[in-house]
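Coordinates in review
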Amino acid sequence: MFVVIALLSLLPVTIDAAAEAELTVSAAISLKDAFEEIRKLFQDSHKGVKVLYNFGASGSLARQIEGGAPADVFASAAQKDMDDIEAKGLVVPGTRLNFARNSVVLVVPASGGVRLDSFAALKLAGIKKVAIGNPRTVPAGRYAEEVLNFYKALPAINNKLIFAENVRQVLDYVATGEVDAGIVYMTDALTRTVKVVSTAPEQSHKPVVYPIAVVRGTKNEKLSMAFIQTVNSEAAQGILRKYGFTTQK
């Protein structure tokens, strides 16, 4: 159970079936599989509405929003990126809430490769390449740095680090054997054939909490709020749990 930043009192939105509406949702790429399923849930109950997704690293998406890129809703994999755009007045007040949590895990290729059983063991000479998201734009990369610092593995492994544009790219590097290990979310590890060798303890990094909010300037504020209401519904929370997220319901 965790704290919702803002409570929503939302009324159902009715869309004229004859007039199509589009809703653009910029979302952390770690949400991709769950949100694809939630799109169908939302569109089934909002006829005439088409949800368009823009998936990517949360930091990159925040910069896009700051630059004026079209977005009605933003769902981030970290509080920091939502904080950044909210501080700049780009979030509609009262619409932000936390809707899911995740875990940070160390993964290795499913077969072959080096033997590894802990984050601390990344310092061993036999480990040559370790993939993490670029901490400047990828929340998973920032969590990875925190975990590595917790285990006093930095700066000892700095020369081993391979920075990826998003957490799914880290996963690809590991699954294809291009690196010896990678640090990703548990939900991502469940989507590919990789082996989870260790889960980072909660005290080793900031909580991985996902906030969502309506982006200021949207022409579809009520519809955007309805999408958030759907994400926070029991049905959608069940979908998130199916994909490995921890939820509030």
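Keep in mind it's a predicted model, so treat the numbers as computed, not measured.

1. What about the sheet that holds strand β4 (residues 97-102)?
- If you trace the 5 strands from one edge of the open sheet to the other, you get β2-β1-β3-β10-β4, paired in mixed fashion. With one partner strand each, in any of the chains shown, β2 (49-56) and β4 form the two edges of the open sheet. Put simply, the sheet's adjacent strands are angled 20 degrees from each other on average, direction ignored.
- In the sheet, strand β1 (residues 21-28) pairs with strand β3 (residues 73-75) via 3 bridges, with the strands oriented parallel. Bridge pairing in β3 places Val25 opposite Val73.

2. So, the sheet that holds strand β5 (residues 104-109)
- Pairing in this open sheet of 5 strands is mixed, and the strands run β7-β6-β8-β5-β9 from one edge to the other. Of all strands in the sheet, those with a lone pairing partner are β7 (161-164) and β9 (194-199), marking the two edges. Mean inter-strand twist for the sheet, computed between neighbouring axes without regard to direction, equals 35 degrees.
- Pairing of strand β6 (residues 130-133) with strand β8 (residues 181-185), which is carried by 2 bridges, proceeds in the parallel orientation.

3. Here's the deal with the pattern of salt bridges
- Per the counting criterion, the structure on display carries 16 salt bridges.
- One salt bridge in this structure joins Glu37 and Lys242, with 2.8 Å as the shortest N-O distance. A residue pair is termed long-range when its members are at least 10 positions apart, and Glu37 in helix α1 (residues 32-45) and Lys242 in helix α8 (residues 234-242) qualify at 205 residues.
- Between Asp172 and Arg192 there is a salt bridge, with its nearest N and O atoms 2.3 Å apart. Residue Asp172 is found in helix α5 (residues 167-175), and its partner Arg192 is found in the loop between α6 (186-189) and β9; the two are separated by 20 residues along the sequence.
- When its relative accessible area of 34% is taken as the criterion, Arg192 is described as partly exposed.
- The structure contains a network of salt bridges with shared partners spanning Arg63, Glu66, Lys80, Asp84 and Lys88.

About the thresholds
- Residues numbered from 1 in each chain as written.
- Predicted model: local features only at pLDDT ≥ 70, side-chain atom pairs only at ≥ 80, totals over all residues.
- Heavy atoms only, no water.
- Pairing = 2+ DSSP bridges.
- Helix = DSSP H or I, 4+ residues; strand = E, 2+ residues; numbered from the N terminus.
- Axes fitted to C-alpha atoms, helices over the stretch in contact; angles between N-to-C directions.
- Salt bridge = Lys/Arg side-chain N within 4 Å of Asp/Glu carboxyl O.
- Buried < 20%, exposed > 50% of the residue type's maximum accessible area, 1.4 Å probe, protein only.

Worth remembering: the numbers are spatial, not functional.
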